[in-house]
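Analysis of the macromolecular model
Here is how the chains run, residue by residue.
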Amino acid sequence: MERSIAPRKGRPVFDEFRKIVEEAFARYLAPSDDCPARLRESMRYSVEAGGKRLRPVMVLLACEACGGDSANAIPAAVAIEFIHTYSLIHDDLPAMDNDDLRRGRPTNHKQFDEATAILAGDGLLTLAFEILARDIKPADVALACVLDLASAAGVGGMVGGQMADLQGERPEMADSSQAAGTESLESDQTGADGQSDQTRKVSQLEAIHLRKTGRLLRSALTMGGRIAKADRNTVEMLDHFGKCVGLAFQIADDLLDITGDEAKMGKGVRKDAELGKLTYPGLLGLEESRRQAQLLIDEACRSIQPLGDRGLRLEALARFILERDH
Ligand code: GRG
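In this report, we go over the structure that sits alongside the text. (Residues numbered from 1 in each chain as written. Predicted model: local features only at pLDDT ≥ 70, side-chain atom pairs only at ≥ 80, totals over all residues. Heavy atoms only, no water.)

1. Some points on the overall build of the protein
From N to C terminus, the protein includes 16 helices and two strands. Expressed as a percentage of contacts within the protein between residues at least 6 apart in sequence, the contacts between residues at least 24 apart total 72%. Accessible area for the protein stands at about 15,400 Å²; split by element, carbon and sulfur atoms hold 52% of it. (Helix = DSSP H or I, 4+ residues; strand = E, 2+ residues; numbered from the N terminus. Contact = heavy atoms within 4.5 Å. Areas by Shrake-Rupley, 256 points an atom, 1.4 Å probe, with all protein chains shown as cover.)

2. Some words on the site of the ligand
Close to the ligand lie 20 residues; Lys52, Arg55, His84, Arg103 and Asp253 are nearest. One nitrogen or oxygen atom from the side chain of Lys52 is found 2.6 Å from an oxygen atom belonging to the ligand. At a separation of 2.8 Å, an oxygen atom of the ligand approaches a polar side-chain atom of His84. When isolated, the ligand has an accessible area of 690 Å², and the protein chains bury 92% of it. Top contributing element to the shell around the ligand by residue count: helix 4 (residues 74–91), with six residues. Here the shell around the ligand is composed, by residue class, of five nonpolar, seven polar and eight charged. (Near = heavy atom within 4 Å. Polar contact = N/O pair within 3.5 Å; in protein donor to acceptor, adjacent residues only side chain to side chain. Nonpolar A, V, L, I, M, F, W, Y, C, P; charged D, E, K, R; others polar.)

3. Examining unusual backbone geometry
Cis peptide bonds are those with omega within 30 degrees of zero, and the linkage from Lys137 to Pro138 qualifies with -5°. Residue position: Pro138 is located in the loop between helix 6 (114–135) and helix 7 (139–153). Here Arg53, not a glycine, exhibits a phi torsion of approximately 65°, which is positive. For Arg53, the position within the fold is in the loop between helix 2 (37–47) and helix 3 (54–65). Its identity as a non-glycine residue notwithstanding, Lys229 has a phi of 60°, on the positive side. Positionally, Lys229 belongs in the loop between helix 10 (197–227) and helix 11 (232–259). We classify Lys229 as exposed; its relative accessible area is 56%. (Buried < 20%, exposed > 50% of the residue type's maximum accessible area, 1.4 Å probe, protein only.)

4. Some remarks on the packing of aromatic side chains
Tallied over the entire structure, the rule returns three aromatic pairs. Measuring from ring centre to ring centre gives 5.8 Å for Phe25 and Phe82, while their planes differ by 40°; the resulting arrangement is tilted. On the criterion of sequence distance, the pair formed by Phe25 in helix 1 (residues 15–28) and Phe82 in helix 4 is long-range, its members being 57 residues apart. The exposure class of Phe25 is buried, given its relative accessible area of 1%. For the ring pair Tyr45 and Phe112, a centre distance of 5.5 Å and an interplane angle of 80° mean the geometry is edge-to-face. A residue pair is termed long-range when its members are at least 10 positions apart, and Tyr45 in helix 2 and Phe112 in the loop between helix 5 (108–111) and helix 6 qualify at 67 residues. (Phe/Tyr/Trp six-rings, centres within 6.5 Å; stacked < 30°, edge-to-face > 60°.)

5. A look at the side chain of Gln167
Assignment of secondary structure puts Gln167 in helix 8 (residues 158–169). One polar contact links the side chain of Gln167 to the main-chain carbonyl oxygen of Met173, over a distance of 2.8 Å.

6. Focus on the packing of helix 11 against helix 16 (residues 312–323)
Following both chains from N to C, one finds helix 11 and helix 16 inclined at 20°, their axes separated by 9 Å at the closest point. If you check the angle between helix 11 and helix 16, you find them roughly parallel. The two elements helix 11 and helix 16 meet at a crossing, and its hand is left-handed. The segment helix 11 lies against helix 16, with Leu238, Phe241, Val245, Ala248, Phe249 and Ala252 engaging Leu314, Ala318, Ile321 and Leu322. Residue classes in the contact of helix 11 with helix 16 are distributed as ten nonpolar, no polar and no charged. (Axes fitted to C-alpha atoms, helices over the stretch in contact; angles between N-to-C directions. Parallel < 35°, antiparallel > 145°, perpendicular 65-115°, else oblique. Left-handed = near helix turned anticlockwise from the far one by under 90°.)

7. What to know about helix 6
Each α-helix turn comprises 3.6 residues. Residues three or four places apart therefore point the same way. Given a rise of 1.5 Å per residue, 22 residues ought to cover 32 Å, and the 31 Å separating the end C-alpha atoms of helix 6 matches this to within 8%. Turning to helix 6, its buried residues are Thr116, Ala117, Ala120, Gly121, Gly123, Leu124, Leu127, Ala128, Phe129, Ile131 and Leu132. Considering only its buried residues, helix 6 is in contact with helix 1, helix 2, helix 4, helix 5, helix 7 and helix 10. (Expected span 1.5 Å × (residues − 1).)

8. Here we look at empty space enclosed by the protein
One water molecule sets the probe size; rolling that probe over the atoms shows where empty space is left. Summed over the entire model, instances satisfying the criterion amount to two cavities of 30 Å³ or more. In this structure, the largest cavity spans a volume of roughly 80 Å³. Looking at the largest cavity, the residues that line it are Tyr45, Ser46, Ala49, Thr85, Leu88, Ile89, Asp92, Arg102, Arg103, Pro106, Thr107 and Asn108. Of all the secondary structure elements, the ones that give two or more residues to the lining of the largest cavity are helix 2 and helix 4. (1 Å grid on protein atoms, 1.4 Å probe; cavity = no way out; pocket = protein on both sides within 12 Å on 5 of 7 lines; lining within 4 Å. Points joined across faces, edges and corners; volume = space filled by probe spheres on them.)

9. Some points on helix 4
Given a rise of 1.5 Å per residue, 18 residues ought to cover 26 Å, and the 26 Å separating the end C-alpha atoms of helix 4 matches this to within 8%. Extensive coverage of helix 4 is indicated by the burial of 18 of its 18 residues.

Everything listed here is a matter of coordinates, which is why it stays silent on function.
Have a look at this one:
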């Protein structure tokens, strides 16, 4: 099949969609009598601080790639960005990553206070599902999206992945059944299963990221497909695309923590090494990590070829993930 539209380097194809979703964020966070002003201000502060808007743009692109009208997917785009923003607010809290800077501004708890930051995250999380349930039409598609996003954001997805990540960093948080396994990961020997220590650590890292960041990215794609009424095979194809893109995104994030510029990133860099975190470049080296990320993006793009030219903007977005500098 002829695939004619070449994505241009440095010219993300999704500016138009980003503008559309940012206007929708403002509508959904408009002042109302039922929400205390400080809470609303705190929610708006983090949502409107910027960010690449990858997930909401992916929702709209996936819907479009399946022949749907992206306007119908705007509530799902808003919902997923609200979930993502809640996770960043909570991730920055002193009990988690304890960060001072996010999206180029003081983190939510630094700008407001810890209690307000926790409630702003809670508010965005619940509002996301209110928006999906009320504004995605028809009702059976709304229900499918609620289930999709809830399972991606919850204990089997992002929240469970965050817990596993924390447990990897903090031995005192290990499950009692985990203690023996953790010990063997510290050793340098080849295990009984014949896997090297490095292979096992890469698998462990992959398992964490598939949940912590991967599931949400996949949900962006599958919700977009569901709203376009895509058939089951197409939704599965988008899910596979999302899985590959999600892992590549995480490798790129680890690489940016080493090679990135703090001003462009809008957050502290070189924290992973300081905290002794398990990362792809730490385990595989810079070159091999770049190679793995490229292979994943190639696989992602190959997997959506059945979409034909309608999938080209999704491909361009996938390639942007590796080219980004923030
Ligand atoms: C607190 C429940 C809970 C979960 C937190 C996703 C997450 C789980 C924490 C974020 C930690 C982190 C920096 C992970 C690396 C990948 C990632 C999600 C980066 C931030 O996403 P971007 O690059 O951010 O899409 P912007 O600001 O562009 O939206």
